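# Tertiary structure, described
What follows is each chain in one-letter form.
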Amino acid sequence: MPDLFDIDDFTPHDYARVVELALADPVTRVLEGQGVALLFEKPSARTRNSSEMAAFALGAHPVYIQGTEVGLDTRESVEDIARTLGCYHRIVCARVFDHDVLARMAFALEASEFDVPVINLLSDRAHPCQAVADMLTLREIMGDLAGEVLAYIGDANNMCRSLAKAAMMEGMHFRVASPAGYSFSAEDLASLHALSAAYGRGGTVNCTTDPIEAAGGADALYTDVWTSMGQEEEKAERLAAFAGFTVDDALLDVAEPGVLVLHCLPAHRGEEIAASVLEGSHSVVWKQAAHRQTAMRGILAWSVEEDRP
Ligand code: CP
Ligand code: NVA
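Values in this document were obtained by computation on a predicted structure and should not be read as measured data.

### Describing unusual backbone geometry
Glycine aside, the phi torsion of most residues is negative, and most peptide linkages are trans. For the bond from Asp 25 to Pro 26, the omega torsion is 5°, close enough to zero to count as cis. The amide bond that connects Leu 265 to the next residue, Pro 266, takes the cis arrangement and shows omega of 5°. In this structure, Pro 266 sits in the loop between β9 (260-263) and α12 (275-278). Even without glycine at this site, Asp 73 takes up a positive phi of about 65°. One non-glycine residue, Leu 265, lies in the positive phi region at around 70°. Mapped onto the fold, Leu 265 is located in the loop between β9 and α12.

This is the structure in structure tokens:
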């Protein structure tokens, strides 16, 4: 089954097809009468609502399940939960703490009578559905993204990793400015270089510890929280480490005059982004949030397509 753990699971054909299905009008009800499981180990506003509404638009019945309710590896094993959900649902979507749980679910489903796709709704390593929505947002405004400069200021986290991969697939120049110790690993960089080569669109990635250097001449600026879900005990340490990495008016001043400002949300005004920037004329954060639903329609519809090259 075509599982989606991170955005680089898409071949170039898959990615093009997801975008095509996301923007399809009218929407084809390819999931008529079927179930879509939405399992959340962490809180969510956008992902839950956009996924429910996307499933509904495709004709499905979405079922929201809290992690505590099914007890992953406490009430029963992850594998047994996955196989149970596979009995009732055409797609299993999950937001998990540990990325490896997604592979365990997919492995258990593959070995079962009900081999259904597993879609990552955010893990500690990746947030592919958000990255698709972000690319739809940028494409809607900028058109072809090849050669555009996307600067990410902050923690090279799950969001940043999926976004950087999406940028490589689009042929963008991705810059990331993070404090020492919070940037991409050598392994992350190697996989980004390999992805750029595979897509052949000229995508590049550069890391710095200087937000001004990253933002200089950028066409788009992106940030995310400094403390992700699951890292709450590191909050004080992170607040200190990220001082000076706020996306504020001084950073906008060195970017392109028409720079777009993106944030996956939830936002912490005064920490990773100034309120004036989040609410200002460069901000496209609500278009991003809206595209979560568009993106999810594409991802869900793609995951159940029978014919794929
Ligand atoms: N951007 C995002 O994933 O938001 P939620 O955590 O509210 O789903
Ligand atoms: N990096 C954030 C993204 C939230 C949508 C987190 O994992 O909490």
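### A word on the packing of helix α7 (residues 158-170) against helix α8 (residues 186-199)
Between α7 and α8, the least distance of the axes is 8 Å, while the angle of their chain directions is 25°. Between α7 and α8, the crossing angle belongs to the class labelled roughly parallel. Seen along the crossing, α7 lies across α8 with a hand that is right-handed. Residues Arg 161, Ala 164, Lys 165, Met 168 and Met 169 of α7 pack against Asp 188, Ser 191, Leu 192, Leu 195, Ser 196 and Tyr 199 of α8. For the contact of α7 with α8, the per-class residue count stands at 6 nonpolar, 2 polar and 3 charged.

### A few points about the layout of surface pockets
Estimates place the volume of the largest pocket at around 450 Å³. Lining the largest pocket are 25 residues, with Val 225, Ser 228, Met 229, Leu 265 and Pro 266 positioned closest to its centre. For the lining of the largest pocket, the secondary-structure elements that each account for two or more residues are α2 (46-57) and α7. For the lining of the largest pocket, the class distribution of residues is 9 nonpolar, 8 polar and 8 charged. By volume, the second largest pocket amounts to about 250 Å³. Forming the walls of the second largest pocket are 15 residues, and the residues nearest its centre are Asp 124, Asn 157, Asn 158, Ser 228 and Gln 231. Taken together, the residues that form the lining of the second largest pocket break down as 4 nonpolar, 6 polar and 5 charged.

### Describing the site of ligand 2
In the vicinity of ligand 2, the contacting residues are Leu 122, Asn 157, Asn 158, Asp 224, Val 225, Ser 228, Met 229 and Leu 265. The separation between an oxygen atom of ligand 2 and a polar side-chain atom of Asn 158 is 2.8 Å. For ligand 2, a nitrogen atom lies 2.6 Å from a polar atom in the side chain of Asp 224. In isolation ligand 2 offers 260 Å² of accessible surface; the protein chains occlude 95% of this area.

### Quick look at the site of ligand 1
The environment of ligand 1 is made up of Ser 44, Ala 45, Arg 46, Thr 47, Arg 95, His 127, Gln 130, Cys 264, Leu 265 and Arg 292. Residue His 127 places a side-chain N or O atom 2.8 Å away from an oxygen atom belonging to ligand 1. Contact between ligand 1 and Gln 130: a nitrogen atom at 2.9 Å from a side-chain N or O atom of the residue. Burial of ligand 1 by the protein chains amounts to 96% of its free accessible area of 250 Å². Counting atoms within 2 Å of the grid points, the majority share of ligand 1 lands in the largest pocket. Split by residue class, the shell around ligand 1 holds 3 nonpolar, 4 polar and 3 charged.

Definitions and limits used
- Residues numbered from 1 in each chain as written.
- Chains lettered and ligands numbered in written order.
- Predicted model: local features only at pLDDT ≥ 70, side-chain atom pairs only at ≥ 80, totals over all residues.
- Heavy atoms only, no water.
- Helix = DSSP H or I, 4+ residues; strand = E, 2+ residues; numbered from the N terminus.
- Axes fitted to C-alpha atoms, helices over the stretch in contact; angles between N-to-C directions.
- Parallel < 35°, antiparallel > 145°, perpendicular 65-115°, else oblique.
- Left-handed = near helix turned anticlockwise from the far one by under 90°.
- Contact = heavy atoms within 4.5 Å.
- Nonpolar A, V, L, I, M, F, W, Y, C, P; charged D, E, K, R; others polar.
- 1 Å grid on protein atoms, 1.4 Å probe; cavity = no way out; pocket = protein on both sides within 12 Å on 5 of 7 lines; lining within 4 Å.
- Points joined across faces, edges and corners; volume = space filled by probe spheres on them.
- Near = heavy atom within 4 Å.
- Polar contact = N/O pair within 3.5 Å; in protein donor to acceptor, adjacent residues only side chain to side chain.
- Areas by Shrake-Rupley, 256 points an atom, 1.4 Å probe, with all protein chains shown as cover.
- Sits in = over half its atoms within 2 Å of the grid points.

Such coordinate-based values are descriptive only and should not be taken to indicate function.
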